[in-house]
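Residue-level listing of the chains:
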Amino acid sequence: MEIQLDQTRWYDRIWAAFIFFTRLPFWRLHQPPKDCYKTVVEHWPLTGWLTGGAMAATLYYGSMVMNYPIVVIAAIVVRLLITGALHEDGLADFLDGFGGGGKDRQRILDIMKDSHIGTYGVLGLILYELLLGATLFSMSPMMAALTILAADPFSKMVTSELIIMMPYARTEETAKNKTVYRKIDWKAGVSLALQGLIPMAAYLWYTGLPWEMIIFLPCIVMYFLYLLIWNRLRGYTGDCCGAVCLLVELAVCLVVCAVIR
């Protein structure tokens, strides 16, 4: 299997990531080999350049023609439409599973795989969207646009560490999308770091915000979520990745909001 993956073209693997993580019709232009979908996390932050860029453009340019509260809601909706609420679905399943499953590993996995949403998921999504909207609204349109443009790929890069730090919690047959991501090697790790850190480095240089807080505190959030996932499941799932991604991004926005206040 590794030989097949190594023989696939790099742009096929990137294309597979955009097909997998968005609902835009990239598949109509080109359909990469099936094995490429095992590497999509290795190019996950690149899709954040697209989703973060779409949100940033909506925030900045939309504020020129509409009231800012409407623009903030529109920016969130734009990303939901691009991703098909993929990560939000993961957050809801994660909260339902860990909220209702107790410490029973199999029960947590079963709840997360259930297509129905529970109380924890509903409340969690409402609170998450309210917090995200409030933090973006508290910033100027330019600052909000720059923050989300940097935070989106950065959070995806940080979340990818879950795949390095622990095994997959299910089998390929029981996985929701029937795909298990391959282990990230050092080359993919360097690529992930560049994809996630280049926008963040440019953001910190331009804004002059303290990099220690902007980077360190969200990583602490990710570490505590990692400990929770490891203690309950002894492995990650796609829902865990989606939830951690959104919560790390929210942590970046909250820290920026606190710093500039």
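Residues numbered from 1 in each chain as written. Predicted model: local features only at pLDDT ≥ 70, side-chain atom pairs only at ≥ 80, totals over all residues. Heavy atoms only, no water.

### So, the overall build of the protein chain
Right, so step 1: Of the regular secondary structure elements, the protein chain holds 13 helices and zero strands.
Right, so step 2: Starting at the N terminus, the α and β elements of the protein chain follow one another as α-α-α-α-α-α-α-α-α-α-α-α-α.
Right, so step 3: Within the protein chain, contacts between residues separated by at least 24 positions form 76% of all contacts whose residues are at least 6 apart in sequence.
Right, so step 4: When the accessible area of the protein chain is evaluated, it comes to approximately 12,600 Å², of which 68% is carbon and sulfur surface.
Right, so step 5: The averaged location of the 21 negative side-chain charges in the protein chain is 2 Å from the averaged location of its 21 positive side-chain charges. (Helix = DSSP H or I, 4+ residues; strand = E, 2+ residues; numbered from the N terminus. Contact = heavy atoms within 4.5 Å. Areas by Shrake-Rupley, 256 points an atom, 1.4 Å probe, with all protein chains shown as cover. Lys, Arg positive; Asp, Glu negative; His and termini not counted. Charge placed at Lys NZ, Arg CZ, Asp CG, Glu CD.)

### Side note on helix α12 (residues 211–233)
Right, so step 1: Its 23 residues give α12 an end-to-end C-alpha distance of 32 Å, which sits within 8% of 33 Å, the value for a rise of 1.5 Å per residue.
Right, so step 2: Along α12, the residues that are buried comprise Ile214, Pro218, Met222, Leu225, Tyr226, Ile229 and Leu233.
Right, so step 3: Arg234 lies just past α12 and shows a positive phi near 60°. (Expected span 1.5 Å × (residues − 1). Buried < 20%, exposed > 50% of the residue type's maximum accessible area, 1.4 Å probe, protein only.)

### Focus on unusual backbone geometry
Right, so step 1: Positive phi values are uncommon outside glycine, yet Ala85 reaches one of about 55°.
Right, so step 2: Mapping Ala85 onto the fold places it in the loop between α5 (68–83) and α6 (86–100).
Right, so step 3: The class for Ala85 is partly exposed, based on a relative accessible area of 26%.
Right, so step 4: The backbone of Arg234 shows a phi angle near 60°, a positive value even though the residue is not glycine.
Right, so step 5: Along the polypeptide, Arg234 turns up in the loop between α12 and α13 (238–260).
Right, so step 6: According to the relative accessible area criterion, Arg234 is partly exposed, its value standing at 45%.

### Observations regarding the nonpolar core
Right, so step 1: Counting residues in each nonpolar core, the largest one holds 73 residues, and the members touching the most others are Val40, Leu59 and Ile229.
Right, so step 2: Discounting chain neighbours no more than four positions away, the residues touching Leu59 are Tyr68, Val71, Val72, Ala75, Leu136, Pro141, Ala144, Ala145 and Ile148. (Core = buried A, V, L, I, M, F, W, Y, C linked by side-chain atoms within 4.5 Å.)

### Focus: a nonpolar patch on the surface
Right, so step 1: Together, Ile164, Met165, Met213, Phe216, Leu217, Ile220, Tyr223 and Phe224 give the surface a local cluster of nonpolar side chains, amounting to about 720 Å² of exposed area.
Right, so step 2: Among the elements of the structure, α10 (161–165) and α12 are those that each provide at least two residues to the nonpolar patch.
Right, so step 3: Top contributing element to the nonpolar patch by residue count: α12, with six residues.
Right, so step 4: Of note, Leu217 is situated in helix α12.
Right, so step 5: Judged by relative accessible area, Leu217 falls into the partly exposed class, the value being 35%. (Patch = residues over 30% accessible without salt bridge, like charges linked within 9 Å, V, L, I, M, F, W, Y side chains within 5 Å. Salt bridge = Lys/Arg side-chain N within 4 Å of Asp/Glu carboxyl O.)

### What to know about the pattern of salt bridges
Right, so step 1: If you walk through the whole model with that rule in mind, you get five salt bridges.
Right, so step 2: Ionic pairing is found between Asp152 and Lys156, a salt bridge with its closest N-O pair at 2.4 Å. Residue Asp152 and its partner Lys156 are both found in helix α9 (residues 141–159); the two are separated by four residues, about one turn of the helix.
Right, so step 3: Relative accessible area serves as the criterion here: at 0%, Asp152 is assigned to the buried category.
Right, so step 4: Within this structure, Arg79, Asp152, Lys156 and Glu249 form a network of salt bridges that share partners.

### Quick notes on the packing of aromatic side chains
Right, so step 1: Throughout the structure, instances matching the rule amount to 12 aromatic pairs.
Right, so step 2: With centroids separated by 6.3 Å and ring planes inclined at 85°, the aromatic side chains of Phe20 and Tyr181 adopt a geometry described as edge-to-face. Pair noted here: Phe20 is in helix α2 (residues 10–21) and Tyr181 is in the loop between α10 and α11 (186–207), with a separation of 161 residues, a long-range link. Exposure class is identical for Phe20 and Tyr181. Each is buried.
Right, so step 3: Among the aromatic side chains, those forming a connected cluster through ring pairs are Phe20, Phe21, Trp44 and Tyr181. (Phe/Tyr/Trp six-rings, centres within 6.5 Å; stacked < 30°, edge-to-face > 60°.)

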